[in-house]
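Residue strings, one per chain:
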Amino acid sequence: MSGQQTPGGEHAEGFDPAARHLTAALHERRLRGIRKAVHLMLLVGGEATGLGGPSIADLIVTRTDTGAPVIRTSAGSLEEADALLRQINDDLEALTVEEFLAEWGHLKP
């Protein structure tokens with residue numbers, strides 16, 4: 001069966017990875033006016049003090065066939081966003097859609 005794991009934790013023949021059906025990307029937050037200025041001040045201040053700042057982007061997982069968002073979450077700082085995107089992409093390759101949504105589905109759009 002597709003996606004079934006063997007006792008050793010390996011996927012059986014016919015494994016259908018979530019990466020065939022879902023894609024993940026970082027999308028820059030688009031702010032305007034005073035919100036953009038405040039965001040920039042918080043970002044610079046947070047990075048300068050080492051406390052971190054507001055998220056620089058959203059991580060969005062979409063269906064490849066329709067483009068509909070399945071998951072949307074704040075990606076955090078540059079380092080956090082990079083780590084989160086890498087983890088999501090690793091899981092898209094290693095898990096079925098059902099397994100992926102069970103793991104990450106709490107981050108609904």
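Residues numbered from 1 in each chain as written. Predicted model: local features only at pLDDT ≥ 70, side-chain atom pairs only at ≥ 80, totals over all residues. Heavy atoms only, no water.

S.K.: Explanation requested: the overall build of the protein in the structure shown.
M.R.: Per the secondary structure count, the protein includes 3 helices and 3 strands. Order of helices (α) and strands (β) in the protein, N terminus to C terminus: β-α-β-β-α-α. Counting across all 109 residues of the protein, residues that qualify as buried make up 31%. A total of about 7,300 Å² of accessible surface is found on the protein, and carbon and sulfur atoms cover 54% of it. (Helix = DSSP H or I, 4+ residues; strand = E, 2+ residues; numbered from the N terminus. Buried < 20%, exposed > 50% of the residue type's maximum accessible area, 1.4 Å probe, protein only. Areas by Shrake-Rupley, 256 points an atom, 1.4 Å probe, with all protein chains shown as cover.)

S.K.: Help me understand the sheet that holds strand β2 (residues 57-63) in this model?
M.R.: Each strand in a sheet pairs with its neighbour through backbone hydrogen bonds, running either in the same direction (parallel) or in the opposite one (antiparallel). Strands sit in the order β1-β2-β3 across an open sheet of 3 strands; the sheet is antiparallel. Because the sheet does not close on itself, it has two edges, and the strands there are β1 (22-28) and β3 (69-74). Neighbour-to-neighbour, the strand axes of this sheet turn through a mean angle of 20°, independent of strand direction. When β1 meets β2, the two strands line up antiparallel, connected through 7 bridges. Across the sheet, residue L22 finds its bridge partner in β2, namely R63. Where helix α2 (residues 78-94) meets the sheet, it contacts β1, β2 and β3, and its direction lies at approximately 170° from that of β1. (Pairing = 2+ DSSP bridges. Axes fitted to C-alpha atoms, helices over the stretch in contact; angles between N-to-C directions. Contact = heavy atoms within 4.5 Å.)

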